[in-house]
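Now for the letters of each chain:
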Amino acid sequence: MIEKKIGLIGSGQMAQALAVGFIRKGLVSPAEILASDPNDHARQRFHEVTGAGTTDNNLEVMRTQDIIILAVKPQVLSRVLDEIQGRVSPEKLIVSIVAGATLDTLHRALGENARIVRVMPNTPALIGFGASAFAPGRNVRPADVQIVQVMFSAVGIAVQVEERLMDAVTALSGSGPAFVYLFIEALTDAGVRHGLSRDLARQLAVQTVRGAAEMVIQTSEHPAVLRDRVTSPGGTTIAGLAAMEESGFRGAVFAAIEAAAQRAWELSREGR
């Protein structure tokens, strides 16, 4: 238990995932969670999934809860910040999962003395396998850092980083799932091209990616070491790896991360 009341401004999928994770891990009970959202259907869905309370009033969340998670879309953040401006007491811990919203932007709106933590989760948090990185603001206490670590570990792993690394985090773990989905799709299509049914090819591709990731986790070996163990001299794997290198596979991954990081940087400047 963290012995804090948690409020969420926004009750979409990520807010639901976090609330479910908190409850499942026993950090809080549903009675200690309150989410606000202007959309009736979103509030109803949040309540059905979590059993927690909902409201259409953001200020009610600010008034009654101890930890406030900003879980709105970037395009509505400024409106929400205008609404709650002046309502953030030093006792409140503000946690933002809004993509591109920098600590400076949040401090300008909520006050220089506000306790703010910026977090970048990713969509696998929806099934408890998220990768979240968080950057504490200047007024955050050691106990706040510990609470955020515990909260986001409830839906996967959570690591602390300097805010200057958040664009890289956004590109790697934020956008990364889409890159992996594309790889799975390509593996599947290649299997179909060589005669496998689409269902069988997808099943094999998904389990192969899942198994390879689990091997890295469970063995703690460097991926290159595990790769070498599968690569026999003159065999099929080295032939495939050579073709991937010749096609620029590694360079394409580098370029994807570079483009995503650049776009993350641009979005953080647009939100200022």
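Above this text sits the structure in question.
### Structural notes on the pattern of salt bridges
Applying the stated criterion across every chain, the model contains 11 salt bridges. Between D40 and R43 there is a salt bridge whose closest N-O contact spans 2.5 Å. Note that D40 and R43 are positioned in helix α2 (residues 40-50) at a spacing of three residues, about one turn of the helix. Residue class for D40 comes out exposed when judged on its relative accessible area of 54%.

### So, the sheet that holds strand β3 (residues 53-55)
The strand order across the open sheet formed by eight strands is β3-β2-β1-β4-β5-β6-β7-β8, and the pairing between neighbours is mixed. Of all strands in the sheet, those bounded by a partner on one side alone are β3 and β8 (156-160). Each adjacent strand pair in this sheet contributes to an overall mean axis angle of 25 degrees, direction not counted. Bridge count between strand β7 (residues 130-136) and β8: five bridges; the pairing is parallel. Within the sheet, the bridge partner assigned to A131 lies in β8 and is I157. Docked against the sheet, α2 engages β1 (6-9), β2 (33-36) and β3, running at close to 170 degrees with respect to β3. Strands β1, β4 (67-70), β5 (93-96), β6 (115-120), β7 and β8 of the sheet are contacted by helix α6 (residues 142-153), whose axis makes an angle of about 155 degrees with β8.

### Re the packing of helix α7 (residues 166-174) against helix α12 (residues 249-270)
Interaxial distance between α7 and α12 falls to 8 Å at its minimum, and their mutual angle equals 130 degrees. Classed by the angle they form, the pair α7 and α12 counts as oblique. Our pair here, α7 against α12, has a crossing hand that is right-handed. For the pair α7 and α12, the contacting residues are D167, T170, A171 and L172 in the first and I257, A260, A261, A264, W265, S268 and R269 in the second. Looking at side-chain class alone, the contact of α7 with α12 contains seven nonpolar, two polar and two charged residues.

### Regarding the environment of S153
Tracing the chain through its elements places S153 in helix α6. By relative accessible area, S153 is classed as partly exposed at 30%. Along the chain, S153 and L18 lie 135 residues apart, while their C-alpha atoms are 9.9 Å from each other.

### Side note on the packing of helix α4 (residues 74-84) against helix α5 (residues 103-110)
At a minimum axis separation of 9 Å, α4 and α5 run at an interaxial angle of 35 degrees. Note on element contacts: α5 touches α4 through L106, A109 and L110, opposite L77, L81 and I84.

What counts and what doesn't
- Residues numbered from 1 in each chain as written.
- Predicted model: local features only at pLDDT ≥ 70, side-chain atom pairs only at ≥ 80, totals over all residues.
- Heavy atoms only, no water.
- Salt bridge = Lys/Arg side-chain N within 4 Å of Asp/Glu carboxyl O.
- Helix = DSSP H or I, 4+ residues; strand = E, 2+ residues; numbered from the N terminus.
- Buried < 20%, exposed > 50% of the residue type's maximum accessible area, 1.4 Å probe, protein only.
- Pairing = 2+ DSSP bridges.
- Axes fitted to C-alpha atoms, helices over the stretch in contact; angles between N-to-C directions.
- Contact = heavy atoms within 4.5 Å.
- Parallel < 35°, antiparallel > 145°, perpendicular 65-115°, else oblique.
- Left-handed = near helix turned anticlockwise from the far one by under 90°.
- Nonpolar A, V, L, I, M, F, W, Y, C, P; charged D, E, K, R; others polar.

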